[in-house]
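Observations on the three-dimensional arrangement
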Amino acid sequence: MKAARQPLRDRDFYPEGYSDERDTTEVPDGVRLQKVLAQAGVASRRACEEMIGEGRVTVNGQIVRRFGAKVDPATQVIHVDGKRIPTAPDLVYYALNKPIGVVSTMDDPQGRPCLADYVEEPAPRLFHVGRLDTETEGLLLLTNDGELANRLTHPSYGVQKKYWAKVPGPIPRDLGRRLKQGIELEDGIARADGFTVVQEHGQQALVEVVLHEGRKHVVRRMLEVAGHRVIDLARIEFGPVKLGRTKPGTMRALSLKEVGELYAAVKL
Ligand code: URA
């Protein structure tokens, strides 16, 4: 009887590091993939080489296992374990805790305090991702990654934002239900995705409202129509990014994980 032929794809047949996927991602004058990953902060070069060998790295959607592969970090899209890695050297991503009284523009012809006053290292074409009212404090993302900024503000991606509002109490039991069912505003219904009473102290309460839309003054207007005029408002989360301990008037660079999660939130 004839011996069954071994399938050619049998892994043991190939030397370590060999890939039989056709690699169309090579950029001859590019930068070595492990160097790009290490510079982006993924891990040491050695550890990145291992990740490549294990088939955990894709370039433009294609697994690249070949050692020494060269890529263009500015234009190619690189994922590790399915998470996008920001590799373009000139792209920056920040979280600012915008203080009350600061307008959400990069400059203000009327000379009011604006975002540029808080940007420590001005980068070319830095955009703010959406806006906060002048009287609202909290998390504002800043980046020069135009595609990411556009998607994060586009309603079709439904990225959720979380707000804390100080309002007059007591809070009626049905307030959350009303906000989630939808509040009729002059420019259409606005619905909350989430609502929680964080604290109640006599005549004042702190409530949490989660929304995936960004109409002007929307949280203030919803709560006002519901009978709770906002006293103070802060945004504490934008999609996967949390304000955390970033103090008002300070800015921090987003971590690799946060940027990867932002990309994932808008399917980039
Ligand atoms: N909703 C508001 O009312 N104000 C903001 O700044 C953001 C959302």
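Residues numbered from 1 in each chain as written. Predicted model: local features only at pLDDT ≥ 70, side-chain atom pairs only at ≥ 80, totals over all residues. Heavy atoms only, no water.

**Notes on the nonpolar core**
What counts, and what does not: Residues enter a nonpolar core if they are buried and are Ala, Val, Leu, Ile, Met, Phe, Trp, Tyr or Cys, with the set joined through side-chain atoms within 4.5 Å. Type-normalised accessible area, obtained with a 1.4 Å probe on protein chains alone, sets the label of each residue: buried when under 20%, exposed when over 50%, and partly exposed for intermediate values. Secondary structure counts use DSSP, requiring at least four H or I residues in a row for a helix and at least two E residues in a row for a strand, with both numbered from the N terminus.
With 34 residues, the main nonpolar core has Leu142, Val167, Leu179, Val207, Leu211, Met222 and Leu223 as its most contacted residues. Elements supplying a minimum of two residues to this core: β7 (93-98), β9 (136-143), β10 (161-168), α4 (175-181), β11 (183-185), β14 (204-211) and α5 (218-225). Counting residues in hydrophobic clusters, the runner-up holds 17 residues, among them Tyr93, Leu148, Leu152 and Phe238.

**Notes on empty space enclosed by the protein**
Here is the rule we go by: Method remark: on a 1 Å grid restricted to protein atoms, a set of points is classed as a cavity if a 1.4 Å probe fits but cannot get out and as a pocket if it is open with protein on both sides within 12 Å along at least five of seven lines; lining residues have an atom within 4 Å of a point. Grid points are joined across faces, edges and corners, and a volume is the space filled by probe spheres set on the points. When residues are grouped by polarity, Ala, Val, Leu, Ile, Met, Phe, Trp, Tyr, Cys and Pro land in nonpolar, Asp, Glu, Lys and Arg in charged, and all others, Gly among them, in polar.
Applying the stated criterion across every chain, the model contains 1 cavity of 30 Å³ or more. Contributing to the lining of the largest cavity are Tyr93, Val129, Leu141, Leu142, Thr143, Leu148, Leu152, Leu254 and Leu262. Mapped by element, the contributors of at least two residues to the lining of the largest cavity are β9 and α3 (146-153). Per-element accounting of the lining of the largest cavity gives the leading share, 3 residues, to β9. In the lining of the largest cavity, the residues fall into 8 nonpolar, 1 polar and no charged.

**Regarding helix α2 (residues 45-53)**
For an α-helix, 3.6 residues make a turn, and residues three or four places apart therefore share a direction. To be explicit about the condition: Starting at the helix axis, one direction is taken to each C-beta atom, and the arc is that of these directions. Whether two residues are in contact is decided by their heavy atoms, any of which lying within 4.5 Å being enough.
For α2, the set of buried residues is Cys48, Met51 and Ile52. Down the axis, α2 shows its buried residues gathered within 100° of arc, on one side only. Elements that come into contact with the buried residues of α2 comprise α1 (33-39), β2 (57-59) and β5 (78-80). Looking one or two places after α2, you find Gly55, whose phi comes out positive at around 75°.

**Here's the deal with the sheet that holds β5**
Using the following cut-off: The rule for pairing is simple: two strands pair if DSSP sees at least two bridges between them.
Spatially, the 4 strands line up as an open sheet ordered β3-β2-β5-β6, and their pairing is antiparallel. Strand pairing shows two members of the sheet lacking a second neighbour, β3 (62-63) and β6 (83-85), which therefore form its edges. In terms of strand pairing, β2 meets β5 through 3 bridges, oriented antiparallel. Its bridge partner being in β5, Val59 is matched across the sheet by Ile78.

**Notes on the domain arrangement of the chain**
Just so we agree on the cut-off: Marked domain ranges trace back to an automatic or database domain assignment.
Partitioning the chain into domains gives domain 1 (13-85) and domain 2 (93-265). One C-alpha centre belongs to domain 1, the other to domain 2; they are set 37 Å apart.

**Here's the deal with helix α6 (residues 256-265)**
Every buried residue of α6 is listed here: Glu258, Val259, Gly260, Leu262 and Tyr263. Within two residues after α6, Lys267 carries a phi angle of roughly 55°, on the positive side.

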